[in-house]
Amino acid sequence: MGEVVQMHFTTVDYVIFAVLLVASAGIGLFYAFSGGRQRTTQEFLMADRSMSCLPVSLSLLATFQSAVAILGAPSEVYTFGTQYWFLGCSYFLGLLIPAHVFIPVFYRLRLSSAYEYLELRFNKTVRICGTVTFIFQMVIYMGVVLYAPALALNAVTGFDLWGAVLAMGLVCTLYTVLGGLKAVIWTDVFQTVVMFAGQLAVIVVGTSQAGGIAEVWRKAVNGSRIAGLDLNPDPLQRHSFWTLSVGGIFLMLALYGVNQAQVQRYLSSRTEKEAVMSCYVVFPCQQIVLCLGCLMGLVMFARYGENSPLDKGYVKTNDQMVLYFVMDVFRDLPGLSGLFVACLFSGALSTISSAFNSLATVTMEDLIKPHFPNMAEAKATLLSKGLALVYGLVCLAMAYIASIMGSVLQAAFSIFGMLGGPLLGLFCLGMFFPWANPIGAVLGLAAGLAMAFWIGIGSFVMRMSGPTPLPPLNTTALPLFDNMTTTILTSLVSIPTSKPRLTGVEALYSLSYMWYSAHNSATVVVVGLLVSLLTGPMKEKELTPGTVFPVLGTLLFFLPERYREKLCCVTPLTQKPEQINTQPYQMAKKEGNGTAYCKEDMVTELKEAESDRAETEDEDLDTKTALPSCQLTATTVQETPL
């Protein structure tokens, strides 16, 4: 075995890396001193709901594409072949469902936090459970996503480990605290461009050095790295067409449907139509990202064949292998390896800035504002900035903890992954099943989390104590959706070998990690529905208008109306946002009897909006009725079918 080989950066590489950090900080400063100067929580946390489609879609993409993904995808393809590419099939439904189900519900309710929905649909307890799960998930993840690429970079290039971690952490905290969500979204746009440039540079130079794209393809075919369509339905098989394309849909939904970091971007859009369009624009971009990752893996294979730098002992883990390959390719081209490192850290910056901003939002909206409803706007904005700063420092602390824990690094990734599925299940339970009640929601979430940890920890222990030797532990999680959903240890899934069919608990532990999200969310829904039916299902009149998507009503169109009414399948979705005055649902809080009441300090706003609308729509004057001073019954808001 050879020693770990270090290749060093030139001055030009360091300059390019510095330019990335300065430009990112510059964008933050620009938004700190322009426009509304981040003086309101609406501007700081929601970008004044004024963003257009393109920046939102590129920001959605950047949040999804982290440094670990950039390093992980090529090493996955290099090791196992292009089967991973079939993940792209899951993007169709994985983005169509958020665009036409989740976005309309969230946008029309005029929420700031995705977890606000849980209170409107269930109650405050469910909202707090969802919020706490999300905070736990993101705090664990932030430090690791910052530390893991810095560790790989340090091992391969000698780049100062804590210099990289501190530079990124502090710059990211600076532009998130000063510039708010607008700065986060526009830096994401810039960082997405850098990511594409870095990956393209590696592929173009690497392909030309390997003798052209035809030669790369020929070597990949000869090395059995071009995978065919594997239609094996076995859920224990690590990657097959069904595992990737169907299991992947649930990963996508957990990421693009209900995750606060992404929901916040939809809600920052000018209109619902622009939010839906941003989902459509993300689709081709994701396919390009996936193809770039696969191409880079094939170019690596064309260069090294079966003699990987990992086998030769030049590097210790898969993520280091990709960096070794990049440094090897750019050995005589100063500046380009710096561009790739900028690309890598763009991935990390876009992820952790989204984490800071979304954590500040849920902490403010879900944990602080409900207890201090009359807090002054200036004070609330200052507190939001303080929260973003605190989470930035927590991120650096988590990176330090990750460095001490070493091999527990992988466990942090898998804990992150375990929590995505149950949260998806909780939202699906509320949105698609009108009779689900708060008790069912809380117990369903608890059952989903218990199932997630049981399978995750059980499979880890089983593989660690198995008779077969394991591949070395890896600091890189599998790249699939590692930002916001299921990053499971590479070590959890050893290279497939012929083995006897597993049964019982062993089979459960051997479930492909791609099915984790589907399995855990299904657990939440099933347990939640059973408990709801046993403890007294909710009646249709008890539901806050607009919190249930009428999917059951559509599917059961053939039933007589009276049966559909019994199943709570009659109510349509709320009216379109352009027909909504201000924030009727954001102001509405449910009481146990199904009525909703206004927050005292918002009644005036609603009345003003009513009178404004009365002035502009004279023909509706006769039909208007004065709102009571403190009661807004659920029937007051007129429902308009889509």
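Residues numbered from 1 in each chain as written. Predicted model: local features only at pLDDT ≥ 70, side-chain atom pairs only at ≥ 80, totals over all residues. Heavy atoms only, no water.

Hey, could you go over the overall build of the protein for me, with residue numbers and the actual values?
Counting its secondary structure elements, the protein contains 24 helices and three strands. Taken over 642 residues, the protein has a buried fraction of 60%. Partitioning the intrachain contacts of the protein with sequence separation of at least 6 by distance along the chain shows that 85% fall at a separation of at least 24. For the protein, the accessible area works out to roughly 24500 Å², and carbon and sulfur atoms hold 67% of it. (Helix = DSSP H or I, 4+ residues; strand = E, 2+ residues; numbered from the N terminus. Buried < 20%, exposed > 50% of the residue type's maximum accessible area, 1.4 Å probe, protein only. Contact = heavy atoms within 4.5 Å. Areas by Shrake-Rupley, 256 points an atom, 1.4 Å probe, with all protein chains shown as cover.)

Let's hear about the side chain of S459: which residues, and what values?
Residue position: S459 is located in helix α18 (residues 438-464). Take S459: its relative accessible area is 1%, and that puts it in the buried class. A polar contact is formed between the side chain of S459 and the side chain of Y516, at a distance of 3.4 Å. (Polar contact = N/O pair within 3.5 Å; in protein donor to acceptor, adjacent residues only side chain to side chain.)

Give me the packing of aromatic side chains: which residues, what numbers.
The full count for this structure, using the stated rule, is 25 aromatic pairs. Consider the rings of Y147 and W162, whose centres lie 6.0 Å apart with planes at 35 degrees: the pair is tilted. Residue Y147 is located in helix α7 (residues 124-157), and its partner W162 is located in helix α8 (residues 161-210); the two are separated by 15 residues in the primary sequence. Here Y147 falls in the buried class, since its relative accessible area comes to 6%. Take W162: its relative accessible area is 29%, and that puts it in the partly exposed class. (Phe/Tyr/Trp six-rings, centres within 6.5 Å; stacked < 30°, edge-to-face > 60°.)

Summarise unusual backbone geometry; cite the residues concerned and give the values.
Located in the positive-phi region is A47, a residue other than glycine, with phi close to 55 degrees. Residue S224 is not a glycine yet carries a positive backbone phi of 55 degrees. Within the fold, S224 resides in the loop between α9 (213-222) and α10 (241-257).

Could you give me a rundown of the packing of helix α14 (residues 318-329) against helix α15 (residues 336-368), with the residues and numbers involved?
Orientation of α14 relative to α15, taken along the N-to-C sense of each, is 150 degrees, at an axis distance of 9 Å. Classified by the angle between their axes, α14 and α15 sit roughly antiparallel to one another. Every pair of crossing elements has a handedness; the one defined by α14 and α15 is right-handed. Where α14 abuts α15, its residues V322, L323, V326 and M327 lie against S337, F340 and L344. The class makeup of the residues in the contact of α14 with α15 is six nonpolar, one polar and no charged. (Axes fitted to C-alpha atoms, helices over the stretch in contact; angles between N-to-C directions. Parallel < 35°, antiparallel > 145°, perpendicular 65-115°, else oblique. Left-handed = near helix turned anticlockwise from the far one by under 90°. Nonpolar A, V, L, I, M, F, W, Y, C, P; charged D, E, K, R; others polar.)

Outline the packing of α7 against α18, supporting the account with residue identities and numerical values.
Contact pair α7 / α18: the axes reach a minimum separation of 9 Å and the direction vectors enclose 25 degrees. Considered as vectors, α7 and α18 are oriented roughly parallel to each other. In contact with T125, V126, C129, G130, T133 and F136 of α7, α18 contributes P438, A441, V442, L445, L449 and F453. Its residues assigned to classes, the contact of α7 with α18 shows nine nonpolar, three polar and no charged.

Residues and numbers for helix α16 (residues 377-405), please.
With 29 residues, α16 extends 41 Å between its outermost C-alpha atoms, agreeing within 8% with the 42 Å of an ideal straight helix rising 1.5 Å per residue. Listed in full, the buried residues belonging to α16 are A380, T381, S384, L387, A388, Y391, G392, C395, L396, M398, A399 and A402. (Expected span 1.5 Å × (residues − 1).)

Which residues make up a nonpolar patch on the surface, and what values do they have?
Together, F92, L93, L96, M277 and Y280 line one region of the surface with nonpolar side chains, adding up to about 460 Å² of accessible area. When contributions to the nonpolar patch are tallied by element, the ones reaching two or more residues are α5 (91-108) and α12 (272-304). (Patch = residues over 30% accessible without salt bridge, like charges linked within 9 Å, V, L, I, M, F, W, Y side chains within 5 Å. Salt bridge = Lys/Arg side-chain N within 4 Å of Asp/Glu carboxyl O.)

A description of the environment of L231 should follow, citing residues and the corresponding values.
Looking at the secondary structure, you find L231 in the loop between α9 and α10. For L231, a relative accessible area of 44% puts it in the partly exposed group. Here the alpha-carbon distance between L231 and W242, two residues eleven residues apart in the chain, equals 6.6 Å. Dropping the residues within four chain positions of it, L231 is found in contact with F241 and W242.

Quick rundown of the side chain of E116? Include the residues and the values.
For E116, the location among the structural elements is in helix α6 (residues 114-121). The buried charged residue E116 lacks any salt bridge, with R127 as its nearest oppositely charged partner at 4.5 Å. Of note is the side chain of E116, whose polar atom sits 3.1 Å from the backbone nitrogen of S112. (Lys, Arg positive; Asp, Glu negative; His and termini not counted.)

Provide a residue-level description of the state of the cysteines, including the pertinent values.
Applying the stated criterion across every chain yields a total of zero disulfides. Take C53: it sits in no disulfide, and the sulfur closest to it among the cysteines is that of C285, at 9.6 Å. Among the cysteines around C279, which has no disulfide bond, C53 carries the closest sulfur, lying 9.7 Å off. (Disulfide = S-S within 2.5 Å.)

So what's going on with the pattern of salt bridges? Which residues, and what values?
Under the defined criterion, the tally for this structure stands at 13 salt bridges. A salt bridge links K124 to E119; the shortest N-O distance between them is 3.7 Å. Residue K124 is classed as partly exposed on the basis of its relative accessible area, which comes to 34%. Taking the relative accessible area as the measure of exposure, E119 reaches 10% and is therefore buried. Here D328 ties to R303 by a salt bridge, and the two come within 3.2 Å at their closest N and O atoms. A residue pair is termed long-range when its members are at least 10 positions apart, and D328 in helix α14 and R303 in helix α12 qualify at 25 residues. Take D328: its relative accessible area is 11%, and that puts it in the buried class.

Summarise the environment of T10; cite the residues concerned and give the values.
Among the secondary structure elements, T10 is positioned in the segment before α1 (11-32). For T10, a relative accessible area of 33% translates into the label partly exposed. Each C-alpha atom, one on T10 and one on P334, is 6.5 Å from the other, the two residues being 324 residues apart in sequence. Ignoring sequence-local partners within four residues, the contact set of T10 consists of P334 and G335.

Would you mind going over the environment of G26 in detail, with residue names and values included?
Tracing the chain through its elements places G26 in helix α1. With relative accessibility at 33%, the residue G26 sits in the partly exposed group. For G26 and T187, which are 161 residues apart along the polypeptide, the C-alpha to C-alpha distance reads 9.2 Å.

Give me the lowdown on α15, citing residues and values where you can.
The terminal C-alpha atoms of α15, which comprises 33 residues, lie 46 Å apart, in line with the 48 Å expected from a rise of 1.5 Å per residue. Burial within α15 is extensive, with 30 of its 33 residues counted as buried.

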